[in-house]
Amino acid sequence: MAYIWTTPVTDRTAGDVSAGNSKGVLNATDLNRIEQNLAYIADVMTAHGYAGLTYSPVVSWAESGIPSLSHMQQILAACVTLRESFYYLGSLPATLQRPDYTAINQIENLPALIKEAMSRLEKSYIFSGTINSAGVALPQNA
Amino acid sequence: MDAYAAERHCDASAVFQIVDLTASSDMTPTASGSASLSQIAQVKNGVVNQTYKLATLEKDYLKLDGSAVFVDSGESHESGWWSSAISDDSGVIDATLTLTFGSAHSAYGLTIYFDDKAKEVVSDYTITAYNSSGTAVATKTVTGNASVISGTVLGMTNFTKIVVHFTKTAKPHRRVRVTEVVCGIVEYFDRNSISSLKMIREISGDSSALPISEVQLTFDNSNQRYNMANPAGAFAYLKTGLPLTVKLGCGASDDTIEMADMGTFYYNTSNSDDDALTATITAQDVIQYMEKVPYTVPSGTTTTLAAMTTQINASLGMTLTWSLDSSVSATSLTNYATDSNVTCRQALQEACQALKCVCYVNRLGVVTVKPLAVGTVKEILNKDKLVTVPKITTEEHINKVVASNGDTISGTYTDKGSSEVLQEKDVSNSLLTSALASGVAQWLLKVSRRYKYTMTGRGNPERDLADTVTVVDAFGTNHTAMVTKHTIEYDGGISEEIEAVSEEA
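Residues numbered from 1 in each chain as written. Chains lettered and ligands numbered in written order. Predicted model: local features only at pLDDT ≥ 70, side-chain atom pairs only at ≥ 80, totals over all residues. Heavy atoms only, no water.

## Describing the overall build of chain B
Stage number 1. Per the secondary structure count, chain B includes four helices and 30 strands.
Stage number 2. Taking the principal axes of its C-alpha atoms as reference, chain B extends roughly 95 × 60 × 55 Å.
Stage number 3. Sorting the 505 residues of chain B into buried and exposed places 53% on the buried side.
Stage number 4. In chain B, the proportion of contacts linking residues at least 24 apart, taken out of those at least 6 apart, comes to 74%.
Stage number 5. Per element, the accessible surface of chain B, about 21,100 Å² overall, is 47% carbon and sulfur.
Stage number 6. In chain B, the 39 positive side-chain charges and the 57 negative ones have mean positions that sit 2 Å from each other. (Helix = DSSP H or I, 4+ residues; strand = E, 2+ residues; numbered from the N terminus. Buried < 20%, exposed > 50% of the residue type's maximum accessible area, 1.4 Å probe, protein only. Contact = heavy atoms within 4.5 Å. Areas by Shrake-Rupley, 256 points an atom, 1.4 Å probe, with all protein chains shown as cover. Lys, Arg positive; Asp, Glu negative; His and termini not counted. Charge placed at Lys NZ, Arg CZ, Asp CG, Glu CD.)

Structure below.
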């Protein structure tokens, strides 16, 4: 299944929490976005040759949903795996048992950082047969 | 607790449960639909607080301040019943909680405890009580509730089923979250509604009696709920055994007041003049029940304190919690004759005296039997903590005690100077054995020579019966003593009459 990337929310503040606005709470739409973005990044990295990065998200959370602690910790574990497979980008919370705005910012920010890095990597790829070393063109891979 | 702050702030609270005491154990709760974390059987387990503010995805509910907790379904926690239904944009919901009972009950009303951690409540709901024929015996619709504890007076008589239909949550997009349901009204009194509170707790130092501790609570009755003549009042539902739990607190400011549990007492009487704005409830500790119930004497010529407590529980038909000093619990006592006419209170009193112990009910409701002995000093009662100079007295001087079981067993102890006139005291105790009689006579004589300190203090709610204190007299001399009585009063401030006795001479 192809997952869609949705711009994450990574700039929640204590003021948002105090105000009780949409960034100060975690709704089903937020969790669906977090899950889907994680799966999207896992797929992108897999397509670029990174191994063992499957994540099966739950993307159908509704307001009737009650995620378990185990499930939230799976989300955190997926973030840890992504980070360890790539570059050590960003910070992650130790647990999602009692999530605050910082923890959710970090969970949303990690896939965004990886996505940005992957994008830069793609732009730096060099076509085979175009690399020179000491004035000698390296042979194409047969 | 800062009980003696220079500028002291005091507080009092009390919880009085006008409830059907047997309804919860006879109740079977069912519901129109339950969420996955719901544990509907918990609505009758006596726990009125949620363990956590549980994390769920109801719209705009899960505030990202670290207060909401995700849990796994197998984790032990208190949730009560959570509806599967969620209210709409206007808060409208359709969820039902049905309570079915095995036998008919009567209650003054219904108290529902909503989620106290998340502060999520139902504003509108209808309670209907049915009798065994299916006829509605009482119904009432509540609107605009904003309280986590919602008590509704509706006078339900001989009901076997209660249906609570929840129609609107206080906030939109919320489940119904019911932690506990109580058949009755739970009255919460605080400093705004308490006019005065007086509590008397006492130990008999020689166990010649078994005092009953008592609390008198006078409170705002401007709603006339406690007037006997009020047909809609609570009087018809006031029965012996209704629990009254009391707390008192002190601190240097209102914000720093710490409350101390003063114990649970059980309803005894109430009164309210019809032209008065206050009513008074009198409640006593569990010893009151022992006064009215005959002690069923088991067979056998000897017994022990441990066996007697089991027998007292059986005689009362109650499961009292006991704390028996290990040095005396298995000591052999003479058993009563099976045709003895003795109350449970008298039996316990005589057992305590025969074992040279005292008995009192502690603040946790535990009936405690132990020797009264000096321990670690908990408090120094000096002029900073007392408002009167301690008065020191002794009992009439005796120099001989004869302790007998009124039959063949007796023991004597004499401590008489050669020039003294004989002053004899005879004590009869049916439970004495020949092995105990002389020792009890000696103990009673020594106890009679204790110094007794009587003083008025500023009041310390944390000090308990049998605590060891240092009493500083008018000459600055320190006396170690054990608290045997305190009469503590709250009327906006706290004051206390204290009695304490010295070690045995």
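## Quick notes on the overall build of chain A
Stage number 1. A count of helical and extended segments in chain A gives four helices and three strands.
Stage number 2. Reading the helices (α) and strands (β) of chain A from amino to carboxyl end gives α-β-α-α-α-β-β.
Stage number 3. For a compact globule of 142 residues, the expected C-alpha radius of gyration is about 14 Å, and chain A comes in at 19 Å, more than 25% above that figure.
Stage number 4. Projected onto its principal axes, the C-alpha coordinates of chain A cover approximately 65 × 30 × 25 Å.
Stage number 5. For chain A, buried positions account for 40% of its 142 residues.
Stage number 6. Split by element, the accessible area of chain A, about 7,700 Å² in all, is 54% carbon and sulfur.
Stage number 7. Separation of charge centres in chain A, based on 8 positive and 11 negative side chains, amounts to 5 Å. (Rg over C-alpha atoms; globule rule 2.2 N^0.38 Å.)

## Considering empty space enclosed by the protein
All names here are of chain B.
Stage number 1. Within the structure shown, the criterion is met by three cavities of 30 Å³ or more.
Stage number 2. In this model, the largest cavity occupies a volume close to 60 Å³.
Stage number 3. Around the largest cavity sit R201, S213, M262, G263, T264, F265, D285, V361, N362 and R363, which together line it.
Stage number 4. If one sorts the elements of the lining of the largest cavity by residue count, strand 15 (residues 258-271) sits on top with four residues.
Stage number 5. Considering only residue class, the lining of the largest cavity consists of three nonpolar, four polar and three charged. (1 Å grid on protein atoms, 1.4 Å probe; cavity = no way out; pocket = protein on both sides within 12 Å on 5 of 7 lines; lining within 4 Å. Points joined across faces, edges and corners; volume = space filled by probe spheres on them. Nonpolar A, V, L, I, M, F, W, Y, C, P; charged D, E, K, R; others polar.)

## Thoughts on the nonpolar core
Stage number 1. If you look at the biggest cluster of nonpolar residues, it comprises 44 residues, and the most contacted ones within it are M290, Y295 and L348 of chain B.
Stage number 2. Among the elements of the structure, helix 1 (287-292), helix 2 (305-316), helix 3 (344-354), strand 20 (358-361), strand 21 (366-370), strand 24 (400-404) and helix 4 (434-448) of chain B are those that each provide at least two residues to this core.
Stage number 3. Of all the elements, helix 4 of chain B adds the most residues to this core, at eight residues.
Stage number 4. In contact with Y295 of chain B, not counting residues within four places along its chain, are M308, Q311, I312, S315, Y336, V342, T343, C344 and A347 of chain B.
Stage number 5. Counting 41 residues, the second-largest nonpolar core is a separate cluster that includes A28, I107 and M118 of chain A together with L57 of chain B. (Core = buried A, V, L, I, M, F, W, Y, C linked by side-chain atoms within 4.5 Å.)

## Considering unusual backbone geometry
All names here are of chain B.
Stage number 1. The phi dihedral of D60 is positive, around 60 degrees, even though this residue is not glycine.
Stage number 2. Of note, D60 is situated in the loop between strand 3 (53-54) and strand 4 (62-63).
Stage number 3. The backbone phi angle of N158 is positive, close to 50 degrees, even though this residue is not glycine.
Stage number 4. Position of N158 among the secondary structure elements: in strand 10 (residues 149-169).
Stage number 5. Take N158: its relative accessible area is 45%, and that puts it in the partly exposed class.

## Regarding the interface of chain B and chain A
The figure often quoted for interface size is the accessible area lost as the parts come together.
Stage number 1. Opposite the 26 residues of chain B that make contact, chain A presents 28 residues.
Stage number 2. Summed over both partners, the interface of chain B with chain A buries about 2,200 Å², with 58% contributed by carbon and sulfur atoms.
Stage number 3. The largest share of the area that chain B buries against chain A comes from L57, L64 and F70 of chain B, three residues that together contribute 42% of it.
Stage number 4. Scanning the region where chain B abuts chain A turns up zero salt bridges.
Stage number 5. Our count for the chain B to chain A interface comes out at 14 residue pairs in polar contact (both at pLDDT 80 or more). (Buried area = accessible area lost by both parts, 1.4 Å probe. Salt bridge = Lys/Arg side-chain N within 4 Å of Asp/Glu carboxyl O. Polar contact = N/O pair within 3.5 Å; in protein donor to acceptor, adjacent residues only side chain to side chain.)

## Some points on the pairing of strand 25 (residues 410-414) of chain B
Residues and elements named next belong to chain B.
Stage number 1. When strand 24 meets strand 25, the two strands line up antiparallel, connected through five bridges. Across the sheet, the residue bridging to V402 is T412, located in strand 25.
Stage number 2. Between strand 24 and the antiparallel strand that follows it, strand 25, lie five residues; G406 among them carries a positive phi value of about 80 degrees. (Pairing = 2+ DSSP bridges.)

## Observations concerning the sheet that holds strand 25 of chain B
Residues and elements named next belong to chain B.
Stage number 1. Read from one edge to the other, the open sheet built from three strands follows the order 25-24-26, with strand pairing classed as mixed. Where the open sheet ends on each side, the last strands, each with one partner, are strand 25 and strand 26 (424-428). On average, adjacent strands in this sheet sit at an angle of 15 degrees to one another, irrespective of strand direction.
Stage number 2. Relative to strand 26, strand 24 is paired through five bridges, and the arrangement is parallel. Residue pairing for strand 26: V401 is matched across the bridge by K425. (Axes fitted to C-alpha atoms, helices over the stretch in contact; angles between N-to-C directions.)

## Quick notes on helix 4 (residues 101-124) of chain A
Residues and elements named next belong to chain A.
Stage number 1. The end-to-end C-alpha distance of helix 4 is 35 Å, a good match for the 34 Å that 24 residues give at a rise of 1.5 Å each.
Stage number 2. N109 marks where helix 4 bends most, by close to 25 degrees; the proline P111 follows one to four residues later.
Stage number 3. Looking at the buried positions of helix 4, the neighbouring elements they touch are strand 1 (25-26), helix 2 (28-47) and helix 3 (69-85). (Expected span 1.5 Å × (residues − 1). Bend = angle between axes of the 7 residues up to and from the residue.)

## Some remarks on the confidence of the model for chain A
Stage number 1. Across chain A, the average pLDDT comes to 89, with 94% of residues at or above 70.
Stage number 2. Mean pLDDT across the elements of chain A ranges from a minimum in strand 3 (residues 136-137) of chain A, with 72, to a maximum in strand 1 of chain A, with 97. (pLDDT = per-residue confidence, 0-100.)

## Quick notes on the packing of aromatic side chains
Aromatic ring pairs: the centre-centre distance and the angle between the two ring planes describe each pair.
Residues and elements named next belong to chain B.
Stage number 1. Tallying each qualifying case throughout the model produces 13 aromatic pairs over all chains.
Stage number 2. Relative to F166, the ring of Y125 has its centre 5.7 Å away and its plane inclined at 45 degrees; by these criteria the two rings are tilted. With a gap of 41 residues between them, Y125 in strand 8 (residues 122-130) and F166 in strand 10 connect regions that are remote in the sequence. We note that Y125, like F166, is buried.
Stage number 3. Summarising the aromatic geometry, the rings of Y266 and Y289 are spaced 6.1 Å apart at their centres and angled 55 degrees between planes, so their arrangement reads as tilted. Of this pair, Y266 sits in strand 15 while Y289 sits in helix 1; the two residues are 23 residues apart in sequence, bridging distant segments of the chain.
Stage number 4. Under the relative-accessibility criterion, Y266 is labelled partly exposed at 22%.
Stage number 5. Taking relative accessible area as the criterion, Y289 reaches 13% and is therefore assigned buried.
Stage number 6. The ring of Y61 carries R177 above its face, with NZ or CZ at 4.5 Å from the centroid.
Stage number 7. We note R177 situated over the ring of W82; from NZ or CZ to the ring centre the distance is 4.0 Å. (Phe/Tyr/Trp six-rings, centres within 6.5 Å; stacked < 30°, edge-to-face > 60°. Lys NZ or Arg CZ within 6 Å of the ring centre and 35° of its normal.)

## Focus: the pattern of salt bridges
Stage number 1. By the definition in use, this model includes 25 salt bridges over all chains.
Stage number 2. Here R33 of chain A and E108 of chain A are joined by a salt bridge, their closest N and O atoms 2.7 Å apart. Here R33 of chain A, found in helix 2, pairs with E108 of chain A, found in helix 4; they are 75 residues apart in sequence, far enough to count as distant. The same class applies to R33 of chain A and to E108 of chain A, which are both buried.
Stage number 3. Put simply, R177 of chain B and E58 of chain B hold a salt bridge, and the shortest N to O gap is 2.7 Å. Within this pair, whereas R177 of chain B is found in strand 11 (residues 177-189), its partner E58 of chain B is found in the loop between strand 3 and strand 4, the two being separated by 119 residues in sequence. Comparing R177 of chain B with E58 of chain B, the two get one shared label, buried.

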